[in-house]
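Remarks on the overall topology
So you can see what is in the structure, the chains are spelled out below.
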Amino acid sequence: MLVVKNNEEISFLEVKYSPGKGRGVFAVAPIAEGICFESSPIIEISKKEIMLIRRSVIGDYFFWWGENKNRGAIALGYGSLYNHSYTPNANFKLNLEEDTIEFYSLRPISAGEEVTINYKGNPDSQSKVWFDAIE
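Computed from a prediction, not measured in an experiment: that's the story for all the values here. Per-chain numbering applies: the sequence of each chain, read as written, is numbered from 1 onward. This being a predicted model, a pLDDT of at least 70 is required before a residue's local features are given, and a value of 80 or more before pairs of side-chain atoms are given or counted; all residues contribute to the totals for chains, interfaces and linings. Here the side-chain values reflect all heavy atoms present in the structure, with hydrogen atoms and water set aside.

1. Looking at the nonpolar core
Residues Leu-13, Phe-37, Tyr-82, Ile-101, Phe-103 and Val-115 are the most contacted members of the largest nonpolar core, which totals 21 residues. For this analysis, residues touch if any pair of their heavy atoms sits within 4.5 Å. The contact partners of Val-115, leaving out residues within four places of it in the chain, are Leu-13, Val-25, Phe-26, Ala-27, Phe-37, Tyr-82, Asn-83, Asn-89, Ala-90 and Ile-109. Counting residues in hydrophobic clusters, the runner-up holds 5 residues, among them Ile-45, Ile-50, Ile-53 and Phe-62. Nonpolar cores are built from buried Ala, Val, Leu, Ile, Met, Phe, Trp, Tyr and Cys residues. Side-chain atoms within 4.5 Å join them into one set. Summary of the burial criterion: residues with accessible area below 20% of their type's maximum are buried, those above 50% are exposed, and those between are partly exposed, where the area comes from a 1.4 Å probe applied to protein chains only.

This is the structure we're talking about:
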């Protein structure tokens, strides 16, 4: 997300290396609790195409999409780069009407802190993910 202040664009987010996880999304500036800090447009993936992408590197980056979660979506922007945490500082909401995935802060996020989500969609979920989660 870009904010314009004094005719200068300021980004809240950047992508950089996250130890043990590869790339991750980090706050460049403080993010207040409860705000939408990114609205990522999506590329929708049909049910048939999900079988194909699950066998590719993209298979680790898509979100389940649709009323019945029977399709997929690749989030553009930073959306598909947030790392998983069982104690996330952000959550996401599927906006089916706008074809976007919106990311909200669950608590204040400090500048320099990695922004994480729970891949299961519920920030409190402790359900296992398909990889060894690093906290």
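2. Notes on the pairing of strand β3 (residues 13-18)
For two strands to count as paired, DSSP must find a minimum of two bridges between them. Only runs of H or I of at least four residues qualify as helices and only runs of E of at least two qualify as strands under DSSP, and these elements are numbered from the N terminus. Of the strand pairs in this sheet, β3 and strand β4 (residues 22-27) are connected by 6 bridges, and their pairing is antiparallel. Paired with Ser-18 across the bridge in β4 is Gly-22.

3. Thoughts on the pattern of salt bridges
A side-chain nitrogen of Lys or Arg and a carboxyl oxygen of Asp or Glu constitute a salt bridge if their distance falls within 4 Å. Tallying each qualifying case throughout the model produces 3 salt bridges. Close ionic contact of Lys-16 with Glu-14 constitutes a salt bridge, the shortest N to O distance being 3.9 Å.

4. Looking at the confidence of the model for the protein
Per-residue confidence from the predictor is reported as pLDDT, a score between 0 and 100. Considering every residue of the protein, the mean pLDDT works out to 84; 83% of them sit at 70 or more. The low-confidence segment residues 1-7, where pLDDT is below 50, has 15 contacts with residues more than four positions distant or belonging to other chains.

5. Some remarks on the sheet that holds strand β5 (residues 36-45)
Strand order in the open sheet made by the 5 strands is β6-β7-β5-β10-β9, with antiparallel pairing throughout. Each having just a single partner strand, β6 (62-65) and β9 (90-95) make up the two edges of the open sheet. Averaged over all pairs of adjacent strands, the angle between strand axes in this sheet comes to 35 degrees, irrespective of strand direction. Both β6 and strand β7 (residues 71-75) contribute to a ladder of 4 bridges, which runs antiparallel. Residue pairing in the sheet places Phe-63 in a bridge with Ala-73 of β7. Each axis is a line fitted through C-alpha atoms, and for a helix only the stretch in contact is used; angles between axes span 0 to 180 degrees, taken between their N-to-C directions.

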